[in-house]
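Listed below, chain by chain, are the residues.
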Amino acid sequence: MRKAIVVASYLLATAAAAGTETLGGWTTTSEPDERATLVTALAAARGASQDDPSFIIVRCLGGRTEALVGTAGDWGLPRSSLEVVTQSDSGAQETSRWDVSTNGKAVFRSEGVEDFLRRLPAEGRLTIEVRDRIGGVHANAFSLDGFGEVRARVASACGWTP
């Protein structure tokens, strides 16, 4: 959990010069860079134990849409992938492979990010399960309150239709 707090603190600190806003359960920052507007949205989960998902980041970075889920623990070896199961209150369960970050503390959705974000409701809850390299299941629920506006901002910055 400490790492999630450090990541969240870093995002908030770097946002001092940028526009920072809270939208429901999301903290967003927006700042122009040389190619496009950088938009980052962070949602933290309460009650995460060491290896549970503890934060979600959705962002437009250099014109590319990214979605990642992070932990204070460790999920796997870099450059591998893990099975991630997502389910919102109003949607069907979806299982896909997400790539492990170089430090093993996050997984990134590598394909179909925009479609994934379009399928999420603007409000409600999103449950995320990450199956680690030894078969353990780590799960947590995140508030999607305010996500409709987050999605619209990221889509606008990256040039796709929400």
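Whatever comes next refers back to the structure up there.
What you see is a predicted model; the values in this text were computed from it and never measured.

Conventions used here
Residues numbered from 1 in each chain as written. Predicted model: local features only at pLDDT ≥ 70, side-chain atom pairs only at ≥ 80, totals over all residues. Heavy atoms only, no water. Helix = DSSP H or I, 4+ residues; strand = E, 2+ residues; numbered from the N terminus. Buried < 20%, exposed > 50% of the residue type's maximum accessible area, 1.4 Å probe, protein only. Contact = heavy atoms within 4.5 Å. Areas by Shrake-Rupley, 256 points an atom, 1.4 Å probe, with all protein chains shown as cover. Core = buried A, V, L, I, M, F, W, Y, C linked by side-chain atoms within 4.5 Å. Pairing = 2+ DSSP bridges. 1 Å grid on protein atoms, 1.4 Å probe; cavity = no way out; pocket = protein on both sides within 12 Å on 5 of 7 lines; lining within 4 Å. Points joined across faces, edges and corners; volume = space filled by probe spheres on them. Nonpolar A, V, L, I, M, F, W, Y, C, P; charged D, E, K, R; others polar. Phe/Tyr/Trp six-rings, centres within 6.5 Å; stacked < 30°, edge-to-face > 60°. Salt bridge = Lys/Arg side-chain N within 4 Å of Asp/Glu carboxyl O.

A. Local environment of the overall build of the protein chain. A count of helical and extended segments in the protein chain gives three helices and ten strands. For the protein chain, the sequential pattern of α-helices and β-strands runs α-β-β-β-β-β-β-β-β-α-β-β-α. Expressed as a percentage of its 162 residues, the buried residues of the protein chain come to 46%. Counting only contacts in the protein chain whose residues sit at least 6 apart along the sequence, the fraction spanning at least 24 positions is 50%. As displayed, the protein chain has an accessible area near 8,000 Å², and 49% of this comes from carbon and sulfur atoms.

B. Broad picture of the nonpolar core. Core analysis: the biggest nonpolar cluster contains 33 residues, and Trp26, Ile56, Val107, Leu117, Ile128 and Phe147 have the highest contact counts within it. Counting residues per element, the ones that place at least two in this core are β3 (37-44), β4 (55-61), β5 (64-70), β6 (81-88), β7 (94-100), α2 (113-119), β9 (125-131) and α3 (147-158). It is α3 that provides the largest number of residues to this core, a total of six residues. Once you skip the residues sitting within four places of it in the chain, Leu117 turns out to touch Val58, Thr65, Phe147, Arg151 and Trp160. The next biggest cluster of nonpolar side chains, apart from the first, holds five residues, and it includes Phe55, Ile57, Leu68 and Ala106.

C. Molecular detail of the pairing of β7. Relative to β7, β6 runs antiparallel, the two sharing six bridges. Note that in β7 the partner of Val85 across the bridge is Thr95. Between β6 and β7, which follow one another and run antiparallel, lie five residues. With two bridges connecting them, β7 and strand β8 (residues 106-108) associate as antiparallel partners. Of the residues in β8, the one forming a bridge with Asp99 is Phe108.

D. Just empty space enclosed by the protein, in detail. This structure, assessed with the given rule, holds two cavities of 30 Å³ or more. As for the largest cavity, its lining consists of 13 residues, and the residues nearest its centre are Ile56, Val58, Phe116, Leu120 and Leu126. Sorting the residues of the lining of the largest cavity by element identifies β4, β5, α2 and β9 as the ones contributing at least two each. Sorting elements by how many residues they give to the lining of the largest cavity places β5 first, with three residues.

E. Quick peek at the layout of surface pockets. In this model, the second largest pocket occupies a volume close to 170 Å³. Taken together, the elements giving at least two residues each to the lining of the second largest pocket come down to β3 and β10 (137-143). In terms of residue count, β10 provides more of the lining of the second largest pocket than any other element does, three residues in total. For the lining of the second largest pocket, a count of residues per class yields five nonpolar, two polar and one charged.

F. Main features of the packing of aromatic side chains. Summed over all chains, the structure comprises two aromatic pairs. Plain terms: the ring middles of Trp26 and Phe147 are 5.4 Å apart, the flat faces sit at 40 degrees to each other, and that makes the pair tilted. Pair noted here: Trp26 is in strand β2 (residues 26-32) and Phe147 is in helix α3, with a separation of 121 residues, a long-range link. Accessibility expressed as a relative area gives 1% for Trp26, which makes it buried. For Phe147, a relative accessible area of 0% gives the class buried. Centroid distance Trp98 to Phe116: 5.7 Å. Interplanar angle 85 degrees. Geometry classified as edge-to-face. Of this pair, Trp98 sits in strand β7 while Phe116 sits in helix α2; the two residues are 18 residues apart in sequence, bridging distant segments of the chain.

G. Representation of the pattern of salt bridges. Within this structure, the stated rule accounts for nine salt bridges. The partner of Glu129 in a salt bridge is Arg131, and the shortest N-O contact between them spans 3.2 Å. Salt bridges linked by common partners bring Glu21, Glu149 and Arg153 together as one network.

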